[in-house]
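An overview of the molecular structure
Single-letter residue listing:
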Amino acid sequence: MVHLVSDEHMNPAYLWLNGEVLRWEDATVHVTELGWSTVGAVFEGIRAYTSMDGGELFVFRLNEHMERFERSTRLVRLRTGRSVAEFNQIIIDLLRVNESMEDTYIRPLAYTAETGNKRFAQVGSDAAVLINTHPMATHLLTGMTMTAKVSSWRRISEDVMPPRIKNLSNYRNSSLGTTEARLDGYDTAIFLNTRGTVSEGPGSCLMMIKDGVLITPDVTSSILESITRDALMVLAREVLGMPVVERQVDRTELYTADELFTCGTAAEISPIVSVDHYDVGHGQIGPVTRRLEEEFNNVLRGNEKRFAHWRTPVYAGAAVRS
Ligand code: PMP
């Protein structure tokens, strides 16, 4: 069993804070900003991957991530004062100034800097924005597998918190489920939504293969509108030629699936080999999951031409897509 994200955190030389590229040790905020400021914070998680020959770094679906960042800020009524195109360029410039040449995680975060009396009402607040990067190794094609438990915690629902955006507060729910799963001896949790159908993982979406069909909970199943999920549905359809179905998924379908995996920016493709002690298929990584891992890895590292529009090269000097 391997955990998804390593605890190793290597700080970059520079990060971006409110319009300035600052040395990592100089990017500080006042201690009184701690607390309520992050309740309404929203963020993104983006990955960049080195090319097969190691000479280029590609950011995966940068524009789509920053469009979701904008949707997140709009939903929580935060103003960043910057366009998606501007943020795209800021991220490329930050990777360049850090001379990032390894697989990297990029995390933009918008939060309310002034806390004071604005604890609850967040109407048109100006956001502080931080963009941080750090190395993150891939686990694609390493043979990593996970065991899962259907959580006793339900995934937050649309009538309580907005599951479809990356609201930092949502992750209390992820944390409760993951902690329970780990204490109970599993690697990860799978959440049902409040309707009792399958939702997603703590920081990832869920896909299963049954009789040659790729099935994934639909976007009204209390899931995040995941960019990896979207990419893998395209790859399954267009490269593997598989039927793809988005629909409600029942809990017992997890127990009878041929293959099951979580997907996401950090999760990439993470095969699940058992759920609640039921083996998934033969209890090992299945053939479709393996094929998808290979094809996805080729897309991320620029080893194919068809999905070049999903990659923003950091060093080629090419204009950033917007
Ligand atoms: N669900 C949740 C709750 C997540 O945090 C993530 C990771 N961003 C995902 C799903 C997967 O989304 P994406 O593919 O856009 O990273």
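Refer to the preceding data block for the structure.
First, a word on what this report is: a plain description of the structure on this page. (Residues numbered from 1 in each chain as written. Predicted model: local features only at pLDDT ≥ 70, side-chain atom pairs only at ≥ 80, totals over all residues. Heavy atoms only, no water.)

1. A closer look at the packing of aromatic side chains
Defined as follows: Between 30 and 60 degrees the pair is tilted, below 30 it is stacked and above 60 it is edge-to-face, where a pair is any two Phe, Tyr or Trp rings, Trp via its six-membered ring, whose centres lie within 6.5 Å. Strands are runs of DSSP state E lasting at least two residues, helices are runs of H or I lasting at least four, and both sets are numbered from the N terminus onward.
Applying the stated criterion across every chain yields a total of 7 aromatic pairs. Summarising the aromatic geometry, the rings of F43 and Y171 are spaced 5.2 Å apart at their centres and angled 65° between planes, so their arrangement reads as edge-to-face. With F43 in strand β3 (residues 42-43) and Y171 in helix α3 (residues 171-183), the pair connects residues that are 128 residues apart, well separated along the chain. Members of the aromatic cluster, joined through ring pairs, are F60, F296, F307 and W310.

2. Digging into the pairing of strand β16 (residues 268-275)
How we decide: Remark: exposure states derive from per-residue accessible area (1.4 Å probe, protein chains only) relative to the maximum for the residue type, with buried under 20%, exposed over 50%, and partly exposed in between. Paired strands, as defined in this entry, are two strands with at least two bridges between them according to DSSP.
The buried fraction of β16 amounts to 8 of the 8 residues, a majority that puts the element mostly inside the structure. Taken together, the 3 bridges between strand β9 (residues 146-150) and β16 define a ladder with parallel strand orientation. Its bridge partner lying in β16, A148 is registered against V275. As paired elements, strand β15 (residues 259-264) and β16 share 4 bridges and run antiparallel to each other. Within the sheet, the bridge partner assigned to G264 lies in β16 and is E268. Relative to strand β17 (residues 278-279), β16 runs antiparallel, the two being bridged by 2 bridges.

3. Looking at the state of the cysteines
Note the following rule: Criterion for a disulfide: a pair of cysteine sulfur atoms within 2.5 Å.
In the structure shown here, the tally under the stated rule is 0 disulfides. For C205, which is in no disulfide, the shortest distance to another cysteine sulfur is to C263 and amounts to 5.4 Å.

4. Details of the layout of surface pockets
Inclusion rule: Buriedness of a pocket was judged along seven lines, with at least five required to meet protein on both sides within 12 Å; pockets are open sets of points on a 1 Å grid over the protein atoms alone, cavities are sets where a 1.4 Å probe fits but cannot get out, and lining residues have an atom within 4 Å of a point. Grid points are joined across faces, edges and corners, and a volume is the space filled by probe spheres set on the points. For this classification, Asp, Glu, Lys and Arg are treated as charged, while Ala, Val, Leu, Ile, Met, Phe, Trp, Tyr, Cys and Pro are nonpolar and the rest, including Gly, are polar.
In this structure, the second largest pocket occupies an estimated 380 Å³ of space. Broken down by secondary-structure element, the contributors of at least two residues to the lining of the second largest pocket are β1 (14-17), β7 (104-112) and β8 (125-135). The greatest single-element share of the lining of the second largest pocket, amounting to 3 residues, is contributed by β7. Residues belonging to the lining of the second largest pocket are distributed by class as follows: 11 nonpolar, 5 polar and 2 charged.

All we've got here are geometric facts, nothing functional implied.
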